[in-house]
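# Structural overview
The chain contents come next:
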Amino acid sequence: MATAQDLIVVRSRRTENAARTLICLGFCGGGTGQYHQWGGVLPPDVDLAAICYPGREGRFMEDFAQTWDALADDTTQAVLSAAAEGPYVLLGHSMGGWMAFDVTVRIEQLGGPAPEALVVSSANAANRGLTAQDGSPTQQDTDEQLLGWMTMHGMLPEHVVNDPDLQELAVELMRADIRVRDTFHYVPGSKVSVPLQVLTGETDTVIEPNAGEYWRDLTTGDFRHDVLPGGHFYTPEVWSRIPTYIPALSGAFSSR
């Protein structure tokens, strides 16, 4: 029987005597499901977990977070609970990239345990704040516009596309996350000390051309920036194999 903690830290792969766990944080409008497919491409001694934000999946009875700080506080505690089981690499995609950075800052301020490495995927540098590109989709968009954006980026499975009730839930979730995203703020001077890897798509129009240079300034540890095929969510083939682009999962981190 699942415990309350199992509903927050969703572990889709467990191995005996795992060397580390890849912990994933969701993007705007997303949940934990988009990360489950990575279990088959992880190194054999790496576990997989994703943090479920309030208001969705197993936490659907909880209220959505209303502000960035509220969600960051909740996520920090969830990551720390997962970290109690051993070393981990923390990854966040898009809005989740900012969340992963913010959570790492908070954990280091608390004294750890910090991740072995931080991986930020498809996110402009946190110290740039909410750029014009990051502000899409918006709170003013119609339901149809939000559905169109999610469909364009492959966020809606076929069973959702064909079910008006599930579409309504998807829009509600997206609006809740947009509200939180719009309260994001960078605390001046915040940096992490862990190795930082940035992943961006070569045709992603959301990401600033010099995003890597800005991110490099936000860690005192090793840094690498890898550009992958595709746009904001890469190509489907690349997305399905994201862990294979993360050397820290094998216990190595080479700067580039």
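Structure: above.
The text that follows walks through the structure, step by step, so that each part is easy to find.

So, how was this worked out
Residues numbered from 1 in each chain as written. Predicted model: local features only at pLDDT ≥ 70, side-chain atom pairs only at ≥ 80, totals over all residues. Heavy atoms only, no water. Helix = DSSP H or I, 4+ residues; strand = E, 2+ residues; numbered from the N terminus. Rg over C-alpha atoms; globule rule 2.2 N^0.38 Å. Buried < 20%, exposed > 50% of the residue type's maximum accessible area, 1.4 Å probe, protein only. Contact = heavy atoms within 4.5 Å. Arc of directions from axis to C-beta. Phe/Tyr/Trp six-rings, centres within 6.5 Å; stacked < 30°, edge-to-face > 60°. Lys NZ or Arg CZ within 6 Å of the ring centre and 35° of its normal. Expected span 1.5 Å × (residues − 1). Disulfide = S-S within 2.5 Å. Salt bridge = Lys/Arg side-chain N within 4 Å of Asp/Glu carboxyl O.

### Things to note about the overall build of the protein chain
Along the protein chain, the regular secondary structure elements total nine helices and seven strands. Its C-alpha atoms give the protein chain a radius of gyration of 17 Å, within 12% of the compact-globule value 18 Å for 256 residues. Reported as C-alpha extents along the three principal axes, the dimensions of the protein chain are approximately 45 × 45 × 35 Å. For the protein chain, the residues scored as buried account for 54% of the 256 residues in total. Sequence separation of at least 24 residues holds for 82% of the intrachain contacts in the protein chain that already meet a minimum separation of 6.

### A few points about the side chain of Ser94
Summarising the element assignment, Ser94 is placed in the loop between strand S4 (88-93) and helix H4 (95-110). Relative accessible area serves as the criterion here: at 16%, Ser94 is assigned to the buried category. Once residues lying within four places of it in the same chain are set aside, the contact partners of Ser94 are Phe27, Ser121, Ser122, Ala123 and His232.

### A short note on helix H5 (residues 143-152)
All of the buried residues along H5 are Leu146, Leu147, Trp149 and Met150. Buried positions in H5, seen along its axis, are confined to an arc of 160 degrees and lie on one side of it. When the buried face of H5 is taken as reference, the exposed residues oriented beyond 90 degrees from it are Glu144 and Met152. Elements in contact with the buried residues of H5: helix H7 (164-181).

### Some details on the side chain of Ser121
Topologically, Ser121 is positioned in strand S5 (residues 117-121). Look at Ser121 and you get buried, because its relative accessible area is 3%. Apart from the residues within four sequence positions on either side, Ser121 is in contact with Gly92, His93, Ser94, Leu199 and Tyr234.

### Describing the packing of aromatic side chains
For the structure on display, the rule yields 11 aromatic pairs. Feature note: the residues Phe27, Tyr35, Trp38, Phe233 and Trp239 constitute an aromatic cluster, connected by ring pairs. The positively charged end of Arg128 is found above the aromatic ring belonging to Tyr214, 4.4 Å away from the centroid.

### Thoughts on helix H3 (residues 68-83)
Given a rise of 1.5 Å per residue, 16 residues ought to cover 22 Å, and the 22 Å separating the end C-alpha atoms of H3 matches this to within 8%. Residues Trp68, Leu71, Ala72, Thr75, Thr76, Ala78, Val79, Leu80, Ala82 and Ala83 constitute the buried set of H3.

### Here we look at the state of the cysteines
In total, this model carries zero disulfides according to the counting rule given. Of all cysteine sulfurs, the one in Cys52 lies closest to Cys24, which takes part in no disulfide; the gap is 13 Å. Look at Cys24 and you get buried, because its relative accessible area is 0%.

### Focus: the pattern of salt bridges
For the structure on display, the rule yields 13 salt bridges. Across the pair Asp73 and Arg106 runs a salt bridge whose closest N-O atoms are separated by 2.5 Å. One end of the pair, Asp73, is in helix H3; the other, Arg106, is in helix H4, and 33 residues separate them in sequence. Classification of Asp73 as partly exposed rests on a relative accessible area of 43%. For Arg106, a relative accessible area of 17% puts it in the buried group. Residues participating in the shared-partner salt-bridge network are Asp69, Asp73, Asp102 and Arg106.

Treat this as a map of the structure, not an account of what it does.
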